[in-house]
Amino acid sequence: MYTTLLSTVTPENVNTIWILLGAALVFFMQAGFAMVETGFTRAKNAGNIIMKNLMDFACGAPIFWLVGYGLMFAGTGKFIGGLDLFTNAGGDYATLIFQTVFCATAATIVSGAMAERTKFKSYLVYSIAISAIIYPISGHWIWGGGWLSQLGFHDFAGSTAVHMVGGVSALIGAKILGPRLGKYDKDGKPRAIPGHSLTLGALGVFILWFCWFGFNGCSTVSMVDGADILASKVFVTTNLAAACATVTTMIFTWIRYKKPDVSMTLNGSLAGLVAITAGCDVVEPWAAAVIGIIAGIVVVLAVEFFDKVLKIDDPVGAIAVHGCCGALGTILTGVFANEIGIVYGGGFRFFGVQCLGVLSVIIWVAITITIVFLIIKKTLGLRVSVEEEVLGLDVTEHGLVSAYADFSSTMEEIYVDEPLAAEIASASKVTGTTPVEEAVPVQLKSSASVASDAAGLKFTKIEIVCKQNRFDILKTAMSSIGITGMTVTNVLGYGIQQGKPEFYRGAQVESNLLPKVQVEMVVCKVPVATVIETAKKVLYTGHIGDGKIFVSGIDNVIKVRTGEEGYDALQDVE
């Protein structure tokens, strides 16, 4: 029986199985990208990130089948393939699905750099444009028999064809979109906006590293006639580059920041993988290690350059990882490639072709994606409103209360200067609704008389219970009227109305304990009425669950460190 089965296996069968295995692994990279991007951004946008990574593949796959594959492979022209609508790839379905998942990888890279402030519908449009036209045409130049291929350009698995296309698109998109609210202070100095889960980010990197063996290794598209040896070598060079880049980034950040930076080291792993992708089949293991080391340093410097010099806000480092290291790896292939690389005495022709290929693809992608983004900006709009960004895209774009509904999520704050504070306050004004004074009554927690100190200054405690996603606006508003201190606590609870009903997958969520924020302030010179009116103004939405304000008297205030009492105890100035 076994002899019969083996006799029916042909080299073509083996190659098809190998390609399909690669397609499955490269598809699973979508999960890796989703985890990296989600972990490196804030919890209030987690659902939006997952949705984008799902939909760029779901939308990109039929679009690539409809038109993209033909533009890439249906002809032998120097600059474009041809039209092969609803292609069957000449019956080579294995190649069709393999190329489809590569196209999806290029499209999904962009979402990370533009995360937390891009309209969902606009994301769908530019993702489709990348899958339908931008990626297939430059891909034809490299893999479809186009002019770069004819010159001898070498990009084995897509450092340029896939990753740099995504990286350049991400660069243009993030520049046109502008930075997230509070990313830069009034002097232009960048502020860190940490992601909500390094654990998720690390899981994503491990998934991507694992899947990269399919991305690079299965790009041999064969396992017969010596191709198995080549595939084995690709596995080794891919792994060495990633490992060396990871170690290098860890050491480099340890020296540069005095501590080994976790998120940057995770980026280092991806940088090594991206950089080796172009030449993993033609470089020796020692050269792969060198490429990884160089990428591990370059990715750190590139992240800092875009963040601090160009003021381009990229939450996940996609531009540095995929754009810079994609170009770097392609160019270094011209240095280290066996026989024809510079180090082997191959001269500068091949190196020049590699540089030309990188430059030409950058120009093509930059021009076309700029046109796409500008059209979207003028029509659909590219960026969400200030208030939508502050509240988070999960609730404003998808009606999702929280991606972590069973947990009391950690509050996330943004940094604001005066112009931004005014913009947030303006965006939060109530229009066309019941007057706030009638809609949000103040409830007294205690009828005790408000105490005063020796100077006759009264102390009042104000407690505000509100939705978590309104905290940023409340904090900014309180700061604008002179409140300089507050105690903030994540709490769970419910009122008489049992909270606003929420829905998940069409069914109402039954929850008695809803996550809220409790803000406590003791005021003295700032009028209590001013605090109350300001809080009511910025917290009001007209829906159940807007919150409560409690007012009570304070007998005295004592600072533990100095023993000061009364108004002096409220002052933190040394």
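What counts as what
Residues numbered from 1 in each chain as written. Predicted model: local features only at pLDDT ≥ 70, side-chain atom pairs only at ≥ 80, totals over all residues. Heavy atoms only, no water. Helix = DSSP H or I, 4+ residues; strand = E, 2+ residues; numbered from the N terminus. Buried < 20%, exposed > 50% of the residue type's maximum accessible area, 1.4 Å probe, protein only. Patch = residues over 30% accessible without salt bridge, like charges linked within 9 Å, V, L, I, M, F, W, Y side chains within 5 Å. Areas by Shrake-Rupley, 256 points an atom, 1.4 Å probe, with all protein chains shown as cover. Salt bridge = Lys/Arg side-chain N within 4 Å of Asp/Glu carboxyl O. Axes fitted to C-alpha atoms, helices over the stretch in contact; angles between N-to-C directions. Parallel < 35°, antiparallel > 145°, perpendicular 65-115°, else oblique. Left-handed = near helix turned anticlockwise from the far one by under 90°. Contact = heavy atoms within 4.5 Å. Nonpolar A, V, L, I, M, F, W, Y, C, P; charged D, E, K, R; others polar. Lys, Arg positive; Asp, Glu negative; His and termini not counted. Polar contact = N/O pair within 3.5 Å; in protein donor to acceptor, adjacent residues only side chain to side chain. Phe/Tyr/Trp six-rings, centres within 6.5 Å; stacked < 30°, edge-to-face > 60°. Core = buried A, V, L, I, M, F, W, Y, C linked by side-chain atoms within 4.5 Å. Expected span 1.5 Å × (residues − 1). pLDDT = per-residue confidence, 0-100.

Caption draft 1: Region of the structure containing the overall build of the protein. The secondary structure content of the protein amounts to 19 helices and seven strands. For the protein, the residues scored as buried account for 51% of the 574 residues in total.

Caption draft 2: Structural context of a nonpolar patch on the surface. Nonpolar side chains collect at one region of the surface, where Val-247, Met-250, Ile-251, Trp-254 and Ile-255 lie side by side and expose about 480 Å² of accessible area between them. A relative accessible area of 61% places Ile-255 in the exposed class.

Caption draft 3: Main features of unusual backbone geometry. For Glu-116, which is not a glycine, the phi torsion comes out positive at approximately 80°. Mapped onto the elements of the fold, Glu-116 is located in the loop between α4 (93-113) and α5 (120-143). Positive phi, close to 70°, is recorded for Glu-339, a residue that is not glycine. Here Glu-339 is to be found in the loop between α12 (318-336) and α13 (349-378). Using a relative accessible area of 67% as the deciding quantity, one classes Glu-339 as exposed.

Caption draft 4: Quick look at the packing of helix α3 (residues 46-73) against α4. At a closest axis distance of 8 Å, the pairing of α3 and α4 adopts a crossing angle of 125°. Taken as axis vectors, α3 and α4 run oblique relative to one another. You can see that α3 and α4 cross each other, and the crossing is right-handed. Contact with α3, carried on its side by Asn-53, Asp-56, Phe-57, Ala-61, Phe-64, Trp-65, Tyr-69, Met-72 and Phe-73, involves Thr-95, Leu-96, Gln-99, Thr-100, Val-101, Cys-103, Ala-104, Thr-108 and Ser-111 of α4 and no other residues of that element. When the residues that make up the contact of α3 with α4 are grouped by side-chain class, the tally is eleven nonpolar, six polar and one charged.

Caption draft 5: Layout of the side chain of Lys-183. Summarising the element assignment, Lys-183 is placed in the loop between α7 (159-177) and α8 (198-217). For Lys-183, a relative accessible area of 6% puts it in the buried group. Once you skip the residues sitting within four places of it in the chain, Lys-183 turns out to touch Lys-189, Pro-190, Arg-191, Ile-193, Asp-307 and Asp-313.

Caption draft 6: Molecular detail of the side chain of Asp-314. Checked against the element boundaries, Asp-314 lands in the loop between α11 (285-309) and α12. For the buried Asp-314, no salt bridge is present, and the opposite-charge side chain at shortest range is Arg-117, 6.7 Å distant. Side-chain polar atoms of Asp-314 contact the backbone nitrogen of Ile-319, separated by 2.7 Å.

Caption draft 7: Structural context of the environment of Lys-175. You can see Lys-175 is positioned in helix α7. Distance from Lys-175 to Leu-310, taken between C-alpha atoms, is 9.0 Å for residues 135 residues apart in sequence. Excluding its chain neighbours within four sequence positions, the residues that come into contact with Lys-175 are Leu-310 and Ile-312.

Caption draft 8: Layout of the packing of aromatic side chains. Tallying each qualifying case throughout the model produces 19 aromatic pairs. When the ring of Trp-212 is compared with that of Phe-215, the centres are 5.5 Å apart and the planes differ by 50°; the resulting orientation is tilted. Placement of the pair is Trp-212 and Phe-215 together in helix α8, with a separation of three residues, close to one helical turn. Its relative accessible area of 0% is what places Phe-215 among the buried residues. When the ring of Phe-213 is compared with that of Phe-235, the centres are 5.0 Å apart and the planes differ by 20°; the resulting orientation is stacked. Within this pair, whereas Phe-213 is found in helix α8, its partner Phe-235 is found in helix α9 (residues 227-257), the two being separated by 22 residues in sequence. Look at Phe-235 and you get partly exposed, because its relative accessible area is 31%. Aromatic rings pair up to connect Phe-98, Phe-102, Trp-143, Trp-212 and Phe-215 into one cluster.

Caption draft 9: Inspection of the environment of Pro-194 at higher detail. Checked against the element boundaries, Pro-194 lands in the loop between α7 and α8. Taking the relative accessible area as the measure of exposure, Pro-194 reaches 61% and is therefore exposed. Note: C-alpha distance between Pro-194 and Arg-42 (152 residues apart in sequence) is 7.3 Å.

Caption draft 10: Up close: the nonpolar core. In this structure, Tyr-126 and Tyr-135 are the most contacted members of the largest nonpolar core, which totals 109 residues. Not counting chain neighbours up to four residues away, the residues in contact with Tyr-135 comprise Phe-64, Met-72, Gln-99, Phe-102, Cys-103, Ala-106, Ile-130, Trp-143, Ala-161, Val-162 and Val-165. The next biggest cluster of nonpolar side chains, apart from the first, holds 24 residues, and it includes Cys-466, Ile-473, Ile-483 and Val-517.

Caption draft 11: Region of the structure containing the pattern of salt bridges. Taken as a whole and assessed by the stated rule, the structure comprises 13 salt bridges. Residue Lys-233 is joined to Glu-284 by a salt bridge in which the shortest nitrogen-to-oxygen separation is 3.2 Å. Residue Lys-233 is located in helix α9, and its partner Glu-284 is located in the loop between α10 (262-276) and α11; the two are separated by 51 residues in the primary sequence. For Glu-389, the salt bridge is made with Arg-383, and the minimal N-O distance between the two is 2.8 Å. Residue classification places Glu-389 among the buried residues on the basis of a relative accessible area of 3%.

Caption draft 12: Main features of α11. In a regular helix each residue adds 1.5 Å, so 25 residues correspond to 36 Å; α11 covers 35 Å between its end C-alpha atoms and thus fits that length. Residue Lys-311 follows α11 closely and has a positive phi angle near 60°.

Caption draft 13: Seen up close, the confidence of the model for the protein. Per-residue pLDDT for the protein has a mean of 87; in total, 86% of the residues score no lower than 70. Across residues 430-450 the pLDDT falls below 50, and counting only partners more than four positions away or on other chains, this stretch makes 35 contacts in the model.

Caption draft 14: Representation of the packing of helix α18 (residues 471-480) against helix α19 (residues 528-539) within the structure. Running from N to C, α18 and α19 point in directions that differ by 150°, and their axes come no closer than 9 Å. In this view, α18 runs roughly antiparallel relative to α19, as classed from their interaxial angle. Once α18 is placed against α19, the crossing between them reads as right-handed. Residues Ile-473, Leu-474, Ala-477 and Met-478 of α18 touch α19, and the partners they reach there are Val-531, Thr-534, Ala-535, Val-538 and Leu-539. Split into classes, the residues belonging to the contact of α18 with α19 amount to eight nonpolar, one polar and no charged.

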